[in-house]
2 protein chains.
Amino acid sequence: LSRQPEKIPAFKALVNEYFESIALPRQPGSLYDPIRYTLEGNGKRLRPVLVLLACEAVGGKVVAALPAAAAIELLHNFTLVHDDIMDRDDTRRGRPTVHRKWDSDVALLAGDGLVALAYQHLLKTDTPRLAQIARLFTDGIIELCEGQALDREFEQAAHVSMADYLAMISKKTARLLAISAGMGGMIGGGNERQVALLTEYAENLGIAFQIQDDLLDITVEQKVLGKDFGSDIKRHKRTYLVIHALEHGAATQQRHLREALGTPNLTTDEVLNVRKIFEETGALSSATRAVRDYIARSRSALDALAASAEVGGLQMLLDVVLKRNA
Amino acid sequence: LSRQPEKIPAFKALVNEYFESIALPRQPGSLYDPIRYTLEGNGKRLRPVLVLLACEAVGGKVVAALPAAAAIELLHNFTLVHDDIMDRDDTRRGRPTVHRKWDSDVALLAGDGLVALAYQHLLKTDTPRLAQIARLFTDGIIELCEGQALDREFEQAAHVSMADYLAMISKKTARLLAISAGMGGMIGGGNERQVALLTEYAENLGIAFQIQDDLLDITVEQKVLGKDFGSDIKRHKRTYLVIHALEHGAATQQRHLREALGTPNLTTDEVLNVRKIFEETGALSSATRAVRDYIARSRSALDALAASAEVGGLQMLLDVVLKRNA
C-alpha cells in the first residue's frame, strides 16, 4: 500500500484554498461576517478531506469533488453553530462561539445561511449522479437533526440503553462522515460496492471517533485541571461511559453516578470520583475496547475495498483520527 | 379568460392531502412533534398553490408539481419558525409559536429539520430540470436569509432608504413567491420566456403583498383596539410607511416619528398618533399607490403570459391576495 504522508495536509490546503476563492458577499454583514468567521477558524477539515480521499481512492479526480467537500464542511459548520447555541457553549476551536461573539439570533441566521451555502456548493458538482448525491446529503441532514434531538432528549431521560446511545451517535456523528465518504466515492465514479464499503469504513470510523471523544473528555492527562476536563459529565451528557456504568455498575456505583449527573457545577474532585466509577465498573476499558472494535470494522471495510481501490490515504486518515488527543 | 373559482381551494386541498400522506416519523418526538404542529396550522398555502397554478398554466400536470409545492410550504414554515424566535413572537396563525409552545432550542432544531424535509420533497420531483430547480430553490433560501438579516439590521440603522427597503422585501417576501412560480413553470415544462413572466408576476405580487401587509398593520379598522394593531410600529420595524414618512415628512413629523420608534411599549393612542403622521406626510396614500403599481406590473406580466398560457388561476390568486384583510 502506498503511504503518502503529505496527502492529508495537501488536501486540507486544497479545501482551504477553495474557501479562500469563494467571494462571499460583504453585505448584509450580520449574515456574512459570522459565516466568514466560522470558515476562518482553524478546523481540521476532516470531513472534506475524507470526501477528496474517497473520490481519489476509486480513481476520480480530486478537483471534481472540491465543491462537495466544501459543502460538507459548510454543513458541518452549520451543525456546530446551531449546536453551540443549544449547548450554551462559549468557545469553539479556541475562539468565542458565534452566539457569544455576536448573539444567538445572529448565530441562528448564520447557521441557516451555512446550510443554504452548503447546497449551493454541492449543486456546483459536475456529475451525472447529482440528484442521487443531493438526496444522500439531504437524508444526512435529517439524520443529523434526529441525532441532535435524541442527544438532547437523553439528557432528560430516566434510562438510555447502549443501543439507544449507539443509534444516536450513528446519526449525530457517524452519518456526516459516512455521507462524506459515500459522496466522494460517487463523484469519483465508484461502483455500488465501492460506495458501500467507503460508507461502512467511514460509519465505523465515526462511531469509534465519538466513543474516543467520550473517553478523551475524562482521560487526557494534561487537561486534568483545565476547564474542559469532564465537560461532558458537568453537562450531564449521556456518554458511552455513563451508559455503560449505569448498565453494569453495582447499585451504589449507579446511585453515586446518578447523583453526580444531577448536581450542577461539579468540582474537579467530584469529576475525578466519577472517573473512578468509570474505572471500577469497567466502563473505561469497555469504551477502549469499543473504539478498537469499530476501528477494526473500519479497517475490514478498507481491506475489502483495497482489492479495487487505492486506500492508502483513507488508512492514513484512520491513523490520524486514532492518534488525536483533543 | 376562464374563471374557475373553486380552483384555489381545490389546490389547497391537494396540498393538505399531500401533507397528510407524508408519514413523518414519531421519534424523536422533540424534532417531529413541532414539525407536525407547524404543518397542522391552518395556513393559507398561498405559496404551494402558486407552484401548482404556475405548473398548470404552462400546460403541466399539477400532480407533478406537488412535491415541489410541499417543499415550498416546508421552507416557508422553516422561515416562520426561525423568524418567530428572532422576533420573540408569541402567536402565529392564532396558536402559540413553536418556541413558546416548546422552547427556542426545540424551535431552532425543528426549523433545521423543516429545511432538510423541504429538500427531501423537492428532490422527489420527477423532472429533467431537477438540478436547475434545486439551484433556484437554494439561491432563494440564501436571499431569504439575506432579507431577514437586512430587516433586522434596519431596526438599528440610522437611515434606511426606500431603495434599501424595496431590496429587503424583494428578498424577504417576494423571492419565495417568485421561486414558487418559477419552479412551477419549470416543472410544467414552460419555456424560458414563460418562466421569466411567471417569476415577474409573482415577484411584483410579492412586493405588493408586503406593502399591503405594512398598511394592514395600521389601517384595518376591526383591529384598532386589538393587540395586533400597530405591532410593526411597536416593534420599531422599518415599514414602507415609516421610510416614506421619514423621507418626506417635515422636520417636526420626522422627530415625532423617530421618538415613537425609540419608545418601548407604545400605547394605542401613541400608535394612533403615528398613524396620523403617516396620513399627513402622504405615506399612507403613497403606500396605497405602490400596492396598485406593483399589482399593475404583476398583471402586465400575466397579460403577456396569456398569449401562450392559461392564466385564469393566477389572476384569481392575485385577486385573493388583493382582497385579504389580515
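Please refer to the structure placed before this passage.
Residues numbered from 1 in each chain as written. Chains lettered and ligands numbered in written order. Predicted model: local features only at pLDDT ≥ 70, side-chain atom pairs only at ≥ 80, totals over all residues. Heavy atoms only, no water.

It takes a turn of 180° to lay chain B on chain A, together with a shift of 0.0 Å along the axis; the resulting RMSD is 0.0 Å. Taken together, these values place the two copies in the relation of a two-fold axis. In this assembly, 100% of the residues forming the interface of chain B have copies in chain A that are likewise at the interface, indicating an isologous arrangement. (Least-squares fit on C-alpha atoms with pLDDT ≥ 70 in both. Contact = heavy atoms within 4.5 Å.)

The next thing to look at is unusual backbone geometry. A cis geometry characterises the amide bond from Gln-27 of chain A onward to Pro-28 of chain A, with omega recorded as -5°. You can see Pro-28 of chain A is positioned in the loop between helix 1 (7–21) and helix 2 (29–40). Phi is positive for Arg-45 of chain B, close to 55°, though the residue is something other than glycine. With respect to the element layout, Arg-45 of chain B can be found in the loop between helix 2 (29–40) and helix 3 (46–57). (Helix = DSSP H or I, 4+ residues; strand = E, 2+ residues; numbered from the N terminus.)

Now for the packing of aromatic side chains. Residue and element names in this part refer to chain B. For the coordinates displayed, the defined rule picks out nine aromatic pairs over all chains. When the ring of Tyr-119 is compared with that of Phe-137, the centres are 5.1 Å apart and the planes differ by 80°; the resulting orientation is edge-to-face. Remark: Phe-137 occurs in helix 7 (residues 130–156) and Tyr-119 occurs in helix 6 (residues 104–122); sequence separation between them is 18 residues. A residue is classified by how much of its surface remains accessible, and Phe-137, at 0% relative accessible area, is buried. (Phe/Tyr/Trp six-rings, centres within 6.5 Å; stacked < 30°, edge-to-face > 60°. Buried < 20%, exposed > 50% of the residue type's maximum accessible area, 1.4 Å probe, protein only.)

On to the pattern of salt bridges, then. Per the counting criterion, the structure on display carries 42 salt bridges over all chains. Across the salt bridge formed by Asp-87 of chain A and Arg-235 of chain A, the nearest N and O atoms sit 4.0 Å from each other. Here Arg-235 of chain A lies in the loop between helix 10 (231–234) and helix 11 (240–248) and Asp-87 of chain A lies in helix 4 (residues 66–87), a separation of 148 residues in the sequence. Given the relative accessible area of 17%, Asp-87 of chain A is considered buried. Classification of Arg-235 of chain A by relative accessible area gives partly exposed; the value is 29%. Between Asp-87 of chain B and Lys-237 of chain B there is a salt bridge, with the nearest N and O atoms lying 3.7 Å from each other. Separated by 150 residues along the polypeptide, Asp-87 of chain B in helix 4 (residues 66–87) and Lys-237 of chain B in the loop between helix 10 (231–234) and helix 11 (240–248) bring together distant segments of the chain. Among the residues examined, Lys-237 of chain B registers a relative accessible area of 10% and is labelled buried. A single salt-bridge network, built from bridges that share partners, covers Asp-83, Asp-87, Asp-89, Asp-151, Glu-155, Lys-172, Arg-235 and Lys-237 of chain A. (Salt bridge = Lys/Arg side-chain N within 4 Å of Asp/Glu carboxyl O.)

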